[in-house]
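Understanding the architecture of this molecule
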Amino acid sequence: AQTVTQSQPEMSVQEAETVTLSCTYDTSENNYYLFWYKQPPSRQMILVIRQEAYKQQNATENRFSVNFQKAAKSFSLKISDSQLGDTAMYFCAFMKHGTPLVFGKGTRLSVIA
Amino acid sequence: KAGVTQTPRYLIKTRGQQVTLSCSPISGHRSVSWYQQTPGQGLQFLFEYFSETQRNKGNFPGRFSGRQFSNSRSEMNVSTLELGDSALYLCASSIRQGASDTQYFGPGTRLTVL
């Protein structure tokens, strides 16, 4: 079974600074998808970014980018120019064909003014 | 386009009762998945429905059941509620079943069992 590990339960960053959240996963599959979701205090789970494993290029969405290392099974999220609205729980998730999302335990990120 | 909606948003029940939660997917989405979120266990998959058929099921007891209607709306039911069923229940929709589709989540239903 696939597992997703987020080794940082909590992190904090100063406003306008850059922060990197770590995620590793375990799978024997070659084709799969990776996601970062954000869950602010409102509890709504919001998609931040997704990565197809067959693509070597790292995905980017505005201030959010990933560092996807397939051989190392690592999928970290970098948030640039952190904003107060980035304060949330961040979940890394894995999915292969025909199966549901498998989530990590999450990293609680606090952006400090 | 409207997002995923879930009703009710909050619910308080007592042990032994049953509860039904509702999820309306994004228009055009035919796959609906349900997840349970608790502080101790994190996010756990309950089941997935596609075209009114259950396609995947997580490791939950038979007290947890669901269904999907022809308009893709889905309901999940929990019978004989236990204290441990207190959780945030999240529904997610995607266009099709399959790894290529991103799942979009609703705001969740917060269930408290007393």
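Now for a description of the structure that goes with this document. (Residues numbered from 1 in each chain as written. Chains lettered and ligands numbered in written order. Predicted model: local features only at pLDDT ≥ 70, side-chain atom pairs only at ≥ 80, totals over all residues. Heavy atoms only, no water.)

Observations concerning the layout of surface pockets
Taken as a whole, the largest pocket encloses approximately 370 Å³ of empty space. Together, 18 residues line the largest pocket, and Leu101 and Val102 of chain A together with Leu43, Gln44 and Phe45 of chain B are the ones closest to its centre. Sorting the residues of the lining of the largest pocket by element identifies strand S11 (102-103) of chain A together with strand S5 (42-50) of chain B as the ones contributing at least two each. The element contributing the most residues to the lining of the largest pocket is S5 of chain B, with 4 residues. (1 Å grid on protein atoms, 1.4 Å probe; cavity = no way out; pocket = protein on both sides within 12 Å on 5 of 7 lines; lining within 4 Å. Points joined across faces, edges and corners; volume = space filled by probe spheres on them. Helix = DSSP H or I, 4+ residues; strand = E, 2+ residues; numbered from the N terminus.)

Points about the state of the cysteines
One pass over the full model with this rule turns up 2 disulfides over all chains. What pairs with Cys23 of chain A in a disulfide is Cys92 of chain A, and their sulfur atoms sit 2.0 Å apart. Between Cys23 of chain A and Cys92 of chain A, the S-S torsion sits near -70 degrees, and that sign places the bridge as left-handed. With Cys23 of chain A in the loop between strand S3 (19-21) and strand S4 (24-26) and Cys92 of chain A in strand S10 (residues 88-95), this pair connects stretches of sequence that are 69 residues apart. Assigned by exposure class, Cys23 of chain A and Cys92 of chain A land together as buried. Between the sulfur atoms of Cys23 of chain B and its disulfide mate Cys91 of chain B the distance is 1.7 Å. (Disulfide = S-S within 2.5 Å. Buried < 20%, exposed > 50% of the residue type's maximum accessible area, 1.4 Å probe, protein only.)

Observations regarding the pairing of strand S5 (residues 33-39) of chain A
Consecutive side chains of a regular strand alternate in pointing toward one face of the sheet and then the other. Residue and element names in this part refer to chain A. For S5, the buried fraction is high: 7 of the 7 residues fall into the buried class. Judged by which residues are buried, S5 turns out to be covered on both faces: Tyr33, Phe35, Tyr37 and Gln39 on one side and Leu34, Trp36 and Lys38 on the other are all buried. Hairpin connection between S5 and strand S6 (residues 46-52): a loop of 6 residues separates the two successive antiparallel strands, and Arg43 in this loop has a positive phi of roughly 80 degrees. Bridge count between S5 and S10: 7 bridges; the pairing is antiparallel. Its bridge partner lying in S10, Tyr37 is registered against Phe91. (Pairing = 2+ DSSP bridges.)

So, the interface of chain A and chain B
How big an interface is tends to be expressed through the accessible area that disappears when the partners come together. Each side of the interface is counted separately: chain A has 20 residues, and chain B has 23 residues. Between chain A and chain B lies a buried interface of about 1,700 Å² when both sides are counted; carbon and sulfur atoms form 56% of it. Linking chain A with chain B are 0 salt bridges, by the criterion used here. Linking chain A with chain B are 7 residue pairs in polar contact (both at pLDDT 80 or more). Elements with a minimum of two residues in the side of chain A that touches chain B: S5, S6 and S10 of chain A. If you tally residues by element for the side of chain A that touches chain B, the top one is S5 of chain A, at 4 residues. Residues of the side of chain A that touches chain B, tallied by class, amount to 10 nonpolar, 6 polar and 4 charged. (Contact = heavy atoms within 4.5 Å. Buried area = accessible area lost by both parts, 1.4 Å probe. Salt bridge = Lys/Arg side-chain N within 4 Å of Asp/Glu carboxyl O. Polar contact = N/O pair within 3.5 Å; in protein donor to acceptor, adjacent residues only side chain to side chain. Nonpolar A, V, L, I, M, F, W, Y, C, P; charged D, E, K, R; others polar.)

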